[in-house]
Amino acid sequence: MIDFEEELKKYKPSMEIEEAEDAIYNRDMTDMMDILQEMMKESKK
Amino acid sequence: MFCYNCGAQLDSTDTCPNCEADVRVIKKIQAVSNRLYNDGLAKAKVRNLSGAIDDLKLSLRYNKMNMDARNLLGLVYFEMGEAVDALSEWVISKSLIPDDNPASEYLRKIQSNNVYLEKLNQTIKKFNQTLLYCRQGNEDLAVIQLKKVVSENPKLVKGQQLLALLYIKEEKYDLAKKCLKAAAKVDKNNITTMTYLQECSEHLKDGGKGSGKEKGDKDTVTYESGNDIIIRPRRFKDNTTLMSVVNILVGAAIGIAVVCFLVIRSPSAGPE
């Protein structure tokens with residue numbers, strides 16, 4: 001049996017066009033390559 | 001593949017031909033990213049868009065410079081009706097890799113159509129308004145608003161799913177199933193869609209409200225005709241032809257009676 005309230009919590013508001021700019025700037029773009037480079041820099045120190 | 005240290009193109013050796021940095025791990029990471037992209041592409045081709053999104057996002061966590069993965073992620077978002085997410089991915093793709101990037105063309109096509117962008121924004125605002133109505137308990141308003149949203153953007157998977165959820169709450173399982181089929185057409189194997197469909201099937205099998213099947217112990221039959229739900233009495237006979245004939249005969253009999261009693265005079269009512 002589906003619980004309406006629990007299911008409703010899973011739905012998040014969609015991003016509007018005006019919010020896209022901030023979302024892009026605030027996005028965390030760190031990937032494995034960046035982490036690996038950091039680790040290599042730390043190991044060289 | 002390119003060296004993480006100096007950006008030079010790598011060859012088949014385990015060190016960079018330019019700066020001699022050890023690139024074994026980098027090559028493995030890029031290989032994993034490419035494999036995840038391939039998996040995402042295969043899923044996108046069979047319309048398993050939710051699965052494709054998971055693979056492509058993971059591919060980008062390994063290597064954010066994977067242009068193909070990012071552009072495909074944008075396309076998948078766009079297909080699912082999440083156009084702003086799509087635009088975000090293409091903008092990022094274009095800023096990371098400005099040259100020879102198909103994302104430029106995607107952005108140009110969308111941004112050149114201001115009417116489409118405005119309509120898109122309005123649809124998003126309506127969907128967000130709908131969520132607010134649901135949380136406030138105004139489900140009737142939410143259904144009305146959401147119907148407009150999905151009519152303007154029928155590929156918005158989460159819009160179809162939310163409308164189905166509202167119908168399930170109202171026990172309108174037939175209508176819910178219709179929305180879920182529309183969602184499944186865009187994104188097959190979506191877990192939420194499958195879960196809701198299972199719920200609808202269980203209730204329709206048990207003879208829930210609006211099942212559309214004939215019920216032996218009920219006096220009405222319910223079925224769909226296009227967008228309408230028809231409810232008619234179980235025992236319905238169309239005998240309009242017979243009734244027309246009967247009406248004509250009754251009318252003729254009344255006419256004859258009028259002639260007999262009013263037009264033909266009795267002997268006692270003669271000219272004397």
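Residues numbered from 1 in each chain as written. Chains lettered and ligands numbered in written order. Predicted model: local features only at pLDDT ≥ 70, side-chain atom pairs only at ≥ 80, totals over all residues. Heavy atoms only, no water.

**Thoughts on the overall build of chain B**
In terms of helices and strands, chain B carries 11 helices and 2 strands. The proportion of buried residues among the 272 residues of chain B is 39%. Counting contacts in chain B only where the partners sit at least 6 residues apart, residues at least 24 apart contribute 42% of the total. Summed over its atoms, the accessible surface of chain B is roughly 16,000 Å², and 55% of this surface lies on carbon and sulfur atoms. (Helix = DSSP H or I, 4+ residues; strand = E, 2+ residues; numbered from the N terminus. Buried < 20%, exposed > 50% of the residue type's maximum accessible area, 1.4 Å probe, protein only. Contact = heavy atoms within 4.5 Å. Areas by Shrake-Rupley, 256 points an atom, 1.4 Å probe, with all protein chains shown as cover.)

**Remarks on the interface of chain A and chain B**
The partner chain B presents 44 residues to the 27 residues of chain A that form the contact. Buried area between chain A and chain B, both sides added, is near 3,300 Å², and the carbon and sulfur share of it is 63%. If you sort the residues of chain A by the area they bury against chain B, A:Phe4, A:Tyr11 and A:Met33 come out on top, with a joint share of 22%. Counting across the chain A and chain B interface gives 4 salt bridges. A salt bridge links A:Glu16 to B:Lys125; the shortest N-O distance between them is 3.0 Å. When contributions to the side of chain A that touches chain B are tallied by element, the ones reaching two or more residues are α1 (4–9), α2 (17–26) and α3 (32–44) of chain A. Across the side of chain A that touches chain B, the residue classes break down as 15 nonpolar, 3 polar and 9 charged. (Buried area = accessible area lost by both parts, 1.4 Å probe. Salt bridge = Lys/Arg side-chain N within 4 Å of Asp/Glu carboxyl O. Nonpolar A, V, L, I, M, F, W, Y, C, P; charged D, E, K, R; others polar.)

**Some remarks on unusual backbone geometry**
Residue and element names in this part refer to chain B. Residues other than glycine seldom take positive phi values, yet Glu 20 does so here, at roughly 60°. Position of Glu 20 among the secondary structure elements: in the segment before α1 (24–45). Judged by relative accessible area, Glu 20 falls into the exposed class, the value being 65%. Backbone geometry places Glu 171, a non-glycine residue, at a positive phi of 65°. Of note, Glu 171 is situated in the loop between α8 (157–169) and α9 (173–186). Classification of Glu 171 as partly exposed rests on a relative accessible area of 40%.

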